[in-house]
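# Structural characterization, general
Here is what each chain is made of, one letter per residue.
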Amino acid sequence: MYRRGIQIAVFCLFGGTYGHASISNIVNNGSFEQGPAGWVLFGQGQGTQYTVTNSAADGASALRAANRTNLTYHATQNIITNLLAEGSGVYYGTEFSINMDMQGSARMTLQMIDSVSTNLLILAEKIISSDTSRWVTVRGGRTISWSGTLSLASLRFEIGQITERVYPPAILDRIRLVRDTDRDGLTDDVDASPSDADSNTNAIPDGWEALFSLPSVSGTADSDGDGFSNVKEFWAATNPTNALSKPAQPVNTNATPEARAFLSYLAALPAQPSNRVLVGQVVTDTAADYSNQVVTLAQQTGRWPAILGVVYDMINGPINHPVITPFATNWWNSGGVVHVQWNPDNPWNGGFSGNTNNIDFPALFTPGSPSHTNYMAMLDEVALGLKTFRDANMVVLFRPLNECNSYQNWYQRRARAEYIPLYRWTFDYLTKTQGLDNLLWVYDALDGPHLHVPVTYYYPGDDVVDVFGVNTYDDDWVLPFDLDRLSRDYPKPLAIPEGGPYSILNGSFNNLTYINAISNGFPRLSYFDTYNSFPFGQTNKYYSLIHNIGSSNLFDHPWIVTREELLWRTYLGPFGAWQLQQFATNANNPVIAGGAADPDADGIVNLFEYATGTDPDVGDQSTLVPVDSGVAFHHNTAATDIVFSVEWNPDLLQTNQWQAIAHKSYASGWFTNASVWVDEQASGSVVVVHSATNPANFYRLGISRP
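Residues numbered from 1 in each chain as written. Predicted model: local features only at pLDDT ≥ 70, side-chain atom pairs only at ≥ 80, totals over all residues. Heavy atoms only, no water.

### Structural notes on the nonpolar core
Note that soluble globular proteins tend to have their nonpolar side chains buried in a common cluster. If you look at the biggest cluster of nonpolar residues, it comprises 111 residues, and the most contacted ones within it are Leu278 and Phe528. The residues contacting Phe528, other than those within four sequence positions of it, are Val277, Leu278, Val279, Gly280, Trp477, Ile496, Tyr514, Ile518, Leu554 and Ile560. Judged by nonpolar contacts, the second largest core, of 38 residues, contains Leu41, Leu110, Ala153 and Leu177. (Core = buried A, V, L, I, M, F, W, Y, C linked by side-chain atoms within 4.5 Å. Buried < 20%, exposed > 50% of the residue type's maximum accessible area, 1.4 Å probe, protein only. Contact = heavy atoms within 4.5 Å.)

Structure, rendered in structure tokens:
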């Protein structure tokens, strides 16, 4: 969590008069076909050198700036005349093309001064992480408004490595601000239906279809044949024309079936009309917070949050997994999912994570150095706790090194070449060396510092991130940047792993604010966790759901998923769906719902009850019965993930004489020996007849999952 001081806010206040509606680009000479005419060459007097080049993204010319000594040094333009002609309150599609020869941040901003305030709007932004030395298109969209008299509207660019203060040569071209009346991502000058965002009524915005050249394809179609419809790929932010780009691919190739299933569930949530956002509650002082802010919440509302957020790191304390483990395990066994935060202590001096002294990243990455040894010891201690969860088959949303663009912890707001290797080292060790295949890796940054250091600046790569997160502390949760559009550069489920109000901390914050903001601003969100309340001086800071208004109303909202409504086990296949149906919130508990469990103590384990269609909560007898020269049993026809094996033995005293005479998986049907005949009815009744000539024959039925 980040305790913010002064925050620069962007106020979108409607006012003024409306001018004519046009489909023209309100940027003059946006493709530099007239050279730099109409542009102010910012920083030219400080050594920045400008050249018009024919290496262009559009037309014959583009503008290159070199010897830049400031993030903002490039061409600027005061677009006030055209902006006033269009009027206040217009939504624009924004776009520019950039070619830069190193990784870094690229933004188009608008500095505005009106009668009320001075604001800096982010119009389009992107982290150029791999597409260097070639043209990259950066897109955005937002409403531009002002109050009273507008006196300045300066279009500017921020290009470079922010914390490193490196500003590479950069070529700009095709700079556009054009009305997008229906806000579908297609500007009105190229939109055949500028007032209809979904002109072919396939539940996909026209702009997204145009981006992938899918203007007339049904939303239920699967254009790349990867098993995911175009609608699902739209919500998952994956490429519908590339079969290798598909939702919910865990970054750990050895991820457990449970981890894979839960990630698939998260990726699919935003495409649903209801039950599409999981809600969670973070606790820090585990015993007290859990009792006061989770149990009390359930008593008040009759329901539990879907996610329990726990914290491994404590200020001036050890990694507290021994305290957390019982709470987290019980939560899982009751049907919930656990979120674990870990912010490591300072490995150079042993101080807590907020100690920023003695930092020396080259030493940290050097085996044998004290800081390296200390960090490895912390990793081992974290792994010890996480292995307890792994051995219990728990899925853990794991977010280490969080809020990387903030500045309070030793690893935050470092050079990208320091933070990203640190994250990847942590991932490699816990995943590959320690074998923690139950983890889903959550990257998170903080919303507040975004104006200065983007939430995407330290993103460590698609190959080490399962969930893209942005912690959000805001009084109305209306962010000064487009989180939905920004997150679509990262084909991962979107989350707010930690958040709450910013200044309304007296208990008067309305929890329905979350739903209003999510539905209007970032509908791709799969889950959010509110932070815990805590004492601060002589007062309390109330972040948690229970301490603010409308917890029941929030839980009643059709979009919200509570613990009672978690259906992720259906993504484990038919057996997972059966576990949910039979055991409800106990479905995660291996003692009750596990395949080898026998909750009704009738001697028949759950997997056998599932396969043969008996009730695991009622003591009964097996459906396996002898018939002349064979055996009969009932097959649960919904159990399509079961392998049956009928075995024969002529002499029970010879235990090694069991022979498989009939075998079935749902994919292949029955395979039998020549002397065996199988009759299976549509009802699930199965008879296996064996023409054995022995005076005594013994049969048994084996059941397994592939």
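Further notes follow.
### Topic: the packing of helix 5 (residues 286–301) against helix 6 (residues 321–333)
Describing two packed helices takes the angle between their axes plus the distance from one axis to the other. Remark: helix 5 packs on helix 6, axes separated minimally by 10 Å, with the N-to-C direction vectors making an angle of 35 degrees. Contacts from Thr286, Ala287, Tyr290 and Val294 in helix 5 reach Val323, Ile324, Phe327 and Trp331 in helix 6. The residue inventory of the contact of helix 5 with helix 6, partitioned by class, reads 7 nonpolar, 1 polar and no charged. (Axes fitted to C-alpha atoms, helices over the stretch in contact; angles between N-to-C directions. Helix = DSSP H or I, 4+ residues; strand = E, 2+ residues; numbered from the N terminus. Nonpolar A, V, L, I, M, F, W, Y, C, P; charged D, E, K, R; others polar.)

### Notes on the sheet that holds strand 24 (residues 643–649)
Within the open sheet, the 4 strands sit side by side as 26-25-24-29. Their pairing is antiparallel. Of all strands in the sheet, those with a lone pairing partner are strand 26 (669–672) and strand 29 (698–704), marking the two edges. The mean inter-strand angle of the sheet, taken between neighbouring strand axes irrespective of direction, is 15 degrees. Two elements, strand 24 and strand 25 (residues 659–665), share 6 bridges in a ladder whose sense is antiparallel. Considered in strand 25, the bridge of Val643 is made with Ser665. (Pairing = 2+ DSSP bridges.)

### Here we look at the pairing of strand 16 (residues 467–473)
Of all 7 residues making up strand 16, 7 are buried, and the element is well covered by its neighbours. Here strand 16 shows two buried faces, one formed by Val467, Gly469, Asn471 and Tyr473 and the other by Phe468, Val470 and Thr472. Here strand 15 (residues 439–446) runs beside strand 16; their pairing, made up of 5 bridges, is parallel. Among the inter-strand pairings, Asp444 is bridged to a residue of strand 16, identified as Gly469. Where strand 16 meets strand 17 (residues 494–500), 4 bridges bridge the pair, whose relative direction is parallel. Looking at the pairing, Phe468 lines up with Leu494 of strand 17.

### Quick look at unusual backbone geometry
A positive phi angle is found at Ser213, which is not glycine, with a value near 55 degrees. Note on placement: Ser213 falls in the loop between helix 2 (206–211) and helix 3 (230–236). A positive phi angle, close to 65 degrees, is found at Asn358, a residue other than glycine.

No statement about biological role is implied by the geometric values presented.
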